[in-house]
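Chain and residue survey
As a plain string of letters, each chain reads:
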Amino acid sequence: MLEGPKVSQSELAKRFGVSQPQICRIIKNKERILSEWHRNGDPERKRKREGKDAALEAALLRWVEGTHAADLPRTGSLLHLKAKHLAEALGRPDPEPSGGWLARFGARHNLAFKKPPAEKGDAEQPTAERWASVVLPGLLRSYAPSEIYVCGETRVLLPTGCPGKGESAGDQLTLLLCTNADGSEKAPLRAVGESPRPRCLQGVNLGQMPWSYRAGSLAGVTAPLFTEWLREFNEGMRRQGKNVLLLLTKHEAHPYLQLSNVRMVFVPPATTLDRGIANDLKGHYRRRLLRWLPAERGAGQPTLLDALHMLAQAWGDVRPGLIAGCFRAAGFSPDAGAKASALTPASSLLGQEELERNGEPADGDEGTSEGEDAGELVQPCPSEREVWGSLATLRRYLECRATSPDLFQAFYELEDVLHMVSAS
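The present account deals with the structure reproduced in this document. (Residues numbered from 1 in each chain as written. Predicted model: local features only at pLDDT ≥ 70, side-chain atom pairs only at ≥ 80, totals over all residues. Heavy atoms only, no water.)

1. A closer look at helix α12 (residues 320–329)
Worth spelling out the cut-off: When a residue's accessible area, from a 1.4 Å probe over protein chains only, is under 20% of the maximum for its type it is buried; when over 50% it is exposed; and in between it is partly exposed. For helices the rule is a DSSP run of H or I covering at least 4 residues; for strands it is a run of E covering at least 2, with both sets numbered from the N terminus onward. Working rule for contacts: check all heavy atoms of both residues, and any pair within 4.5 Å makes them a contact.
Burial in α12 covers these residues: Leu-322, Ile-323, Ala-324, Gly-325, Cys-326 and Phe-327. Elements in contact with the buried residues of α12: β1 (148–157), β2 (172–180) and α9 (275–290). Immediately beyond the C-terminal end of α12, within one or two residues, lies Gly-331, with a positive phi of roughly 100°.

2. Looking at the pairing of strand β5 (residues 244–249)
Successive side chains on a regular strand alternate, one facing one side of the sheet and the next facing the other. Note the threshold: Strands are labelled as partners when DSSP assigns at least two bridges between them.
The buried count for β5 comes to five of six residues, which makes it a mostly enclosed element. Pairing geometry for β1 and β5, over three bridges, is parallel. Among the inter-strand pairings, Tyr-149 is bridged to a residue of β5, identified as Leu-246. In this structure, β5 lies alongside strand β6 (residues 262–267), joined through six bridges in parallel fashion. Paired with Val-244 across the two strands is Val-262, which belongs to β6.

3. A look at the packing of helix α14 (residues 384–401) against helix α15 (residues 407–423)
How we decide: Helix axes are fitted to C-alpha atoms over the stretch in contact, other axes to C-alpha atoms as well, and angles between N-to-C directions run from 0 to 180 degrees. When describing relative orientation, an angle under 35 degrees is termed roughly parallel and one over 145 degrees roughly antiparallel, while 65 to 115 degrees is termed roughly perpendicular and anything else oblique.
In contact at an axis separation of 11 Å, α14 and α15 are set at 170° when each is read in the N-to-C sense. One finds that α14 runs roughly antiparallel with respect to α15. Within the contact between the two elements, α14 uses Glu-384, Val-387, Trp-388, Leu-391, Leu-394, Arg-395, Leu-398 and Glu-399 and α15 uses Phe-408, Phe-411, Leu-414, Glu-415, Leu-418, His-419 and Ser-422.

4. So, a nonpolar patch on the surface
The condition is simple: Patch criteria: residues need more than 30% relative accessible area and no salt bridge. Like-charged residues are merged within 9 Å; nonpolar side chains of Val, Leu, Ile, Met, Phe, Trp and Tyr are merged within 5 Å. Areas reported as accessible are Shrake-Rupley estimates using a 1.4 Å probe. Residue values count occlusion only from the protein chains shown. Every case where a carboxyl oxygen of Asp or Glu lies within 4 Å of a side-chain nitrogen of Lys or Arg is listed as a salt bridge.
Together, Val-417, Met-420 and Val-421 make up a nonpolar patch on the protein surface, roughly 250 Å² of accessible area in all. Within the secondary structure, Val-421 sits in helix α15.

Geometry only, nothing functional implied.
Right, here's the structure in full:
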């Protein structure tokens, strides 16, 4: 319009509903505004605001332009990781960029960081050759380790003599395990049993447990159950603002879904990505079963509820290093051939350090000291049966009144401390 027939600034101001001085400023800064527009700036912006860290923003913008020129994938997570590395290189005191800063950076430069689109072959199971030569390298270029998740199933036996019908889910449970490649995030356990309404779960605030329980045919994961879990997992990623990759084996109980924040990719049958992780969890679970002391606890065999808590604790015991080692062994890093020592599953027996004494009792624990008031009542040391009874009462209170699954992590740590004290 500025290049066309002569029009007064006042006429332009009336036509666009702005002030005449604003038209004057636009004409004065015409070259700079056109330059910004040609650099893919946001054409809808009404004012140009610079970021608080101009040097960091300029370096990050150069990286973005480089990825665009090389036709490389650009995701929000990669942008966040690059911004962190640049901030560290520039010596910023707080190198962790906030999500708000990154969002404003993207808006200022009209950048759209979307998840890599689902490929046409995602719903099919690739051959081992195609997986190793084509599919896997492409996935590693598009996703960071924290964005690559694996999902698998494993079965565990419930304790012998576990209370029967209506109190447990039969003889075994199927566990749905899901974790990312660097072990930084493990999804809560999903357990599937036979009984639809176990008595031991009555009164438990199931929405706030560090595990979840569903009933399935023959205690197995069915397509509807897996679909339910998938949608919940996708919703969790959406709330976190993450777009992730989910690897799993093709199975009739694993329907392929197009999800907003989760891209599903089936792996070849020979890819045993989750086997080492499942074996390690089972080792920790057996160790915790062996620690169950009915005589001291004043209780019989553990119930389904007890087993679910022990499984959640065992899942927490699986170390990130072991998870990363399983991914490396499956080819998810340049040193795929390296044998990680962390792949050794946990022993089913109690660790020697847990059986060793932590120290001798301090002298003078018995009786009263010389200057102590002899008439003062001394609180007797509770027996182990009383301690475990109190712990069971506390756990039941949390099961009924907990407001977050995170509360159980503190409880599990307390229980582990009491086990060590008891063993000493």
